[in-house]
Amino acid sequence: MAAALLRRGGRALQGFWRSQHSKTEPKPEALSGFNFELTEQQKKFQDTARKFAREEIMPVAAEYDRTGEYPVPLIKRAWELGLMNVHIPESCGGLGLGSFDACLITEELAYGCTGLQTAIEGNSLGQMPVIIAGNEQQRKKYLGRMTEQPLMCAYCVTEPGAGSDVAGLQTRAEKKGNEYVINGQKMWITNGGKANWYFLLARTDSDPKAPASKAFTGFIVEADTPGVQIGRKEINMGQRCSDTRGIVFENVIVPKENVLLGEGAGFKIAMGAFDRTRPLVAAGAVGLAQRALDEATKYALERKTFGRHLVEHQAVSFLLAEMAMKVELARMAYQRAAWEVDMGRRNTYHASIAKAFSGDIANQVASDAVQIFGGSGFNSEYPVEKLMRDAKIYQIYEGTAQIQRLIIAREHIGKYKK
Amino acid sequence: MAELRALVGVKRVIDYAVKIRVKPDKTGVVTDGVKHSMNPFCEIAVEEAVRLKEKKLVKEVIAVSCGPKQCQETLRTALAMGADRGIHVEVPESEAERLGPLQVSRVLTALAQKEKAGLVLLGKQAIDDDCNQTGQMTAAMLDWPQGTFASKLTLEGDKVTVEREIDGGLETIRLKLPAVVTADLRLNEPRYATLPNIMDYEAARALGGHESQPPSSPVCGPPAFACSSLPLYLQLVPIGTRTCFLSSSNHGESSTLKLFPL
């Protein structure tokens, strides 16, 4: 029936469907329940972040990647626009945004340059333990100063000998009167060389049999404390403008006022911070993937081969279709994870899914983008090789792809066990 | 602090980055569901007005937009950029297509006189019709001097020095206020709405907004800069071939002007 209609009045039918499409007015108000619409405020946040990324980050990103120089002017600008430190509560002079709003901003910044986005994200991660577990004085002191000047902070947990295995941390903190003396070595610390203060996780319980949930303590350490030795800037594969360093703590004295919550509470705080920042990392990966998709599509619309544009070849258009599928799904995954934690619910399952999936697809999409560019994709004059190098770390930091799978399996199977 | 009031016209147009598509019936361009934003030259005009206010050369910046209710979006952007008040001259959707520079300049003329504006700042042209007429016509109707294609603006007392970009190069003229100036590309770099500004503005809007009202609901400025209440007035304004009247109503902090065909 439909086929006959199409044959007879094909044009008319096409016109009918098209007119139906253009007639539908997007409903402005959300119905209760599922809603994919952003609020006015969220759209405006996104617009500001997008404008900043397209107009200020993108023109200079390749140069920062080449030199590895820390993008101080961009960070200052992001701070001025309010795009940094978005989680800091209003009582400390911040915006007090939830994870969802922060994710929108992060995706837009990552579209411009993930190196810069990671530097900014390093701040959010370092601040998160203080935001969730700090007392009034700690928050006013350490979060307050971040809103007064464009300062950086860092999250110091990983060590040369322990990354995924947080329970294997060796950095020791010994209580001596009203102070703690910290000895140990941290590695791969984002913003390590630029931070004003660190969130540090150290072992306070010397009993090797003590459970991880009781053996560690979270400290706030000022970066200029004597004994803090900052290592050289590491030259990485991607996100090269981000500052990654090893830091040695040699008899670093920290007052007991800088202990978060109390002795032994460190592990829970450190993991709690991840629940809030994991969606952000996923959002960053999606921003990168979106950029790769956009660059590849634009190129495929221009480049011709065998007498036709690349997009007209099914092999290429299928590649683009799969890239598009991955980006859309990854976006929905992080949005769900961010929304869950903003609702006040435990979002571990969704956050891990979002991070695992988006890290993986970012790598696939970036690699496919290089493929679509062909020989040019391999070349540093074109933007996609940077994306492919930048993407790899998303499968590693903030919980490796393998750790995420462990978490997802545990959460998933746990649902069936009862 | 100066007594000068700046009236800034802002137009809601299809966003510059959108790929325009012609409607299947060839009667125009697809606008449904297409991203719209403030005309870039109007943004530059708003930015200039706000900068003058920050330099304390202008007392109040009033943004005006003519068109259907979606224009309130554009006015909100102007308010978030720093304008004090927004006036939405509501034109029903069916009439909006016939709204052109002649009609808009008549409205701006009436408003400039009503609001006792000393400076009318407009974008040099809109990016959808590229008419480049509204500023010039408004100046003529008001019988005020005009400085169009301004790439530099300096206010000194009751005079304004305008550096214009013209075909032959740059021309500098000095106008006695009140005057009409139209903004060109290099006049300034419009500010972003920073996140704290957006939040403050949205919070104020939530406090003082009349969201639940019917389409003719007014545009609000943040309560902190509450509008003075407008007296009811009636003025005959010829619009196209029909004469309409401009009426204003006072809803507390906000104002709506409606064009009623006679």
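Naming follows an unreviewed UniProt entry, where chain A appears as Medium-chain specific acyl-CoA dehydrogenase, mitochondrial of Phascolarctos cinereus. Checking UniProt for chain A, the heading Cofactor (unreviewed entry) contains the comment "FAD".

Trainee: Explain the overall build of chain A here, please?
Mentor: Counting secondary structure elements, chain A contains 12 helices and 9 strands. Principal-axis analysis of the C-alpha atoms gives chain A an extent of 90 × 50 × 40 Å. Taken across its 418 residues, chain A has 53% of its residues classed as buried. Partitioning the intrachain contacts of chain A with sequence separation of at least 6 by distance along the chain shows that 74% fall at a separation of at least 24. Total accessible area computed for chain A in this model is approximately 20,000 Å², and 55% of it derives from carbon and sulfur atoms. If the 53 positive side-chain charges of chain A are averaged to one point and the 47 negative ones to another, these points end up 5 Å apart.

Trainee: Looking at this structure, I do not really get the overall build of chain B. What am I missing?
Mentor: The secondary structure content of chain B amounts to 6 helices and 14 strands. Split into buried and exposed, the 262 residues of chain B put 51% on the buried side. Within chain B, residue pairs in contact and separated by at least 24 positions form 63% of the contacts whose partners lie at least 6 positions apart.

Trainee: What is the right way to look at the interface of chain B and chain A in this model?
Mentor: It is common to give the size of an interface as the accessible area lost on bringing the parts into contact. In this assembly, 17 residues from chain B lie in contact with 22 residues from chain A. Counting each side, the surface lost to burial between chain B and chain A is near 1,700 Å², with a carbon and sulfur contribution of 59%. Of all residues in chain B, the largest losses of buried area upon contact with chain A belong to Tyr192(B), Leu195(B) and Met199(B), amounting jointly to 44% of the total for that side. At the boundary of chain B and chain A, one finds 1 residue pair in polar contact (both at pLDDT 80 or more). For the side of chain B that touches chain A, the element with the highest residue contribution is helix H6 (residues 195-208) of chain B, accounting for 7 residues.

Trainee: Would you mind going over the domain arrangement of chain A with me for this structure?
Mentor: Residue and element names in this part refer to chain A. Parsing chain A into structural domains produces domain 1 (40-152), domain 2 (154-262) and domain 3 (267-415). Averaged C-alpha coordinates put domain 2 and domain 3 at centres separated by 30 Å. Facing the 14 residues of domain 2 at the interface are 14 residues of domain 3. Approximately 1,200 Å² of surface area, both sides summed, lies buried where domain 2 meets domain 3, with 68% of it carried by carbon and sulfur atoms. For the domain 2 face of the interface with domain 3, the top three residues by lost area are Tyr-155, Met-237 and Gln-239, together amounting to 46%. Linking domain 2 with domain 3 are 0 salt bridges, by the criterion used here.

Trainee: Sorry if this is basic, but what is going on with empty space enclosed by the protein here?
Mentor: Picture a little ball the size of a water molecule; that probe, rolled over the atoms, points out where space is still empty. Residue and element names in this part refer to chain A. Counting across every chain of the model gives 1 cavity of 30 Å³ or more. Its boundaries defined by the atoms lining it, the largest cavity holds a volume of some 90 Å³. Around the largest cavity sit 14 residues that line it, and Leu-83, Thr-106, Ile-120, Glu-121 and Ser-124 are the ones nearest its centre. Sorting the residues of the lining of the largest cavity by element identifies helix H4 (99-112) and helix H5 (114-133) as the ones contributing at least two each.

Trainee: Just checking my understanding: could you explain the nonpolar core for this structure?
Mentor: One recurring pattern in soluble globular proteins is that nonpolar side chains are buried together. Membership of the largest hydrophobic core comes to 72 residues, with the highest contact counts inside it found for Phe52(A), Ile57(A), Leu83(A), Ile105(A) and Leu195(B). The dominant element in this core, judged by the number of residues it contributes, is helix H8 (residues 266-302) of chain A, at 13 residues. The two domains that each donate at least three residues to this core are domain 1 (40-152) and domain 3 (267-415) of chain A. Beyond its immediate sequence surroundings of up to four residues, Leu83(A) is in contact with Ala49(A), Phe52(A), Ala78(A), Ile105(A), Leu109(A), Ile120(A) and Leu195(B).

Trainee: Explain a nonpolar patch on the surface here, please?
Mentor: On the surface, a cluster of nonpolar side chains totalling about 680 Å² of accessible area is made up of Phe34(A), Phe36(A), Met325(A), Leu329(A), Met332(A) and Phe357(A). No other element matches helix H9 (residues 314-342) of chain A, which puts 3 residues into the nonpolar patch.

Trainee: Got a minute to help me understand the UniProt feature "active site" (unreviewed entry) in chain A in this structure?
Mentor: Residue and element names in this part refer to chain A. In the UniProt entry, the feature "active site" (unreviewed entry) is given for Glu-398. With respect to the secondary-structure elements, Glu-398 resides in the loop between helix H11 (384-391) and helix H12 (401-417). We classify Glu-398 as buried; its relative accessible area is 11%.

Trainee: Sorry if this is basic, but what is going on with the pattern of salt bridges here?
Mentor: Opposite charge on two side chains permits pairing when their charged atoms draw close. All names here are of chain A. In this structure the tally under the stated criterion is 42 salt bridges over all chains. The salt bridge involving Arg-77 is made with Glu-56; its shortest N-O contact spans 3.2 Å. Taken together, the residues span a long stretch of sequence, with Arg-77 in helix H3 (residues 72-81) and Glu-56 in helix H2 (residues 40-67) at a distance of 21 residues. With relative accessibility at 23%, the residue Glu-56 sits in the partly exposed group. Where Arg-245 meets Asp-243, a salt bridge forms, and the shortest distance between an N and an O atom there is 2.9 Å.

Trainee: Looking at this model, I keep getting lost on the environment of Pro160(A). Mind explaining?
Mentor: Residues and elements named next belong to chain A. Relative to the elements of secondary structure, Pro-160 occurs in the loop between strand E1 (152-156) and strand E2 (172-176). Sequence spacing of Pro-160 and Thr-118 is 42 residues, and the spatial spacing of their C-alpha atoms is 20 Å. Those residues within four positions of Pro-160 in sequence are excluded, and the remaining contacts are Gln-185, Lys-186 and Met-187.

Trainee: I'm lost on the packing of aromatic side chains in this one. Help?
Mentor: To describe a pair of aromatic rings, one takes the distance between the centres and the angle between the planes. Residues and elements named next belong to chain A. A complete count under the given rule lists 10 aromatic pairs over all chains for this structure. With a centroid separation of 5.6 Å and an interplanar angle of 65°, the aromatic rings of Tyr-142 and Trp-197 are classed as edge-to-face. One end of the pair, Tyr-142, is in helix H6 (residues 136-148); the other, Trp-197, is in strand E4 (residues 195-203), and 55 residues separate them in sequence. Exposure remark for Tyr-142: the relative accessible area of 1% places this residue in the buried category. Considering the side-chain rings of Phe-216 and Phe-267, the 6.4 Å spacing of their centres and the 35° angle between planes classify their relative orientation as tilted. Residue Phe-216 is located in strand E5 (residues 216-222), and its partner Phe-267 is located in helix H8; the two are separated by 51 residues in the primary sequence. Taking the relative accessible area as the measure of exposure, Phe-216 reaches 0% and is therefore buried. A relative accessible area of 22% places Phe-267 in the partly exposed class. Members of the aromatic cluster, connected to one another through ring pairs, are Tyr-155, Phe-199 and Phe-274.

Trainee: I tried to follow the environment of Gly82(B) on my own but got confused; where do I start?
Mentor: Residues and elements named next belong to chain B. Within the element layout of this structure, Gly-82 appears in the loop between helix H2 (71-81) and strand E5 (85-90). Separated by 102 residues in sequence, Gly-82 and Asp-184 place their C-alpha atoms 20 Å apart. In this structure Gly-82 touches Val-50 and Lys-53, once residues within four positions along its chain are discounted.

Trainee: It is not clear to me how the confidence of the model for chain B should be interpreted in this structure. Could you clarify?
Mentor: Regions with low pLDDT carry predicted coordinates that are not meant to be interpreted in detail. All names here are of chain B. Of all residues in chain B, 78% attain a pLDDT of 70 or more, and the chain-wide mean is 80. Between residues 209-255, whose pLDDT stays under 50, and residues either more than four places distant or in other chains, the model counts 119 contacts. This complex was scored by the predictor with a pTM of 0.78 and an ipTM of 0.74.

How each quantity is defined
- Residues numbered from 1 in each chain as written.
- Chains lettered and ligands numbered in written order.
- Predicted model: local features only at pLDDT ≥ 70, side-chain atom pairs only at ≥ 80, totals over all residues.
- Heavy atoms only, no water.
- UniProt positions renumbered as here; feature names shortened; annotations may be inferred.
- Helix = DSSP H or I, 4+ residues; strand = E, 2+ residues; numbered from the N terminus.
- Buried < 20%, exposed > 50% of the residue type's maximum accessible area, 1.4 Å probe, protein only.
- Contact = heavy atoms within 4.5 Å.
- Areas by Shrake-Rupley, 256 points an atom, 1.4 Å probe, with all protein chains shown as cover.
- Lys, Arg positive; Asp, Glu negative; His and termini not counted.
- Charge placed at Lys NZ, Arg CZ, Asp CG, Glu CD.
- Buried area = accessible area lost by both parts, 1.4 Å probe.
- Polar contact = N/O pair within 3.5 Å; in protein donor to acceptor, adjacent residues only side chain to side chain.
- Domains from an automatic or database assignment.
- Salt bridge = Lys/Arg side-chain N within 4 Å of Asp/Glu carboxyl O.
- 1 Å grid on protein atoms, 1.4 Å probe; cavity = no way out; pocket = protein on both sides within 12 Å on 5 of 7 lines; lining within 4 Å.
- Points joined across faces, edges and corners; volume = space filled by probe spheres on them.
- Core = buried A, V, L, I, M, F, W, Y, C linked by side-chain atoms within 4.5 Å.
- Patch = residues over 30% accessible without salt bridge, like charges linked within 9 Å, V, L, I, M, F, W, Y side chains within 5 Å.
- Phe/Tyr/Trp six-rings, centres within 6.5 Å; stacked < 30°, edge-to-face > 60°.
- pLDDT = per-residue confidence, 0-100.

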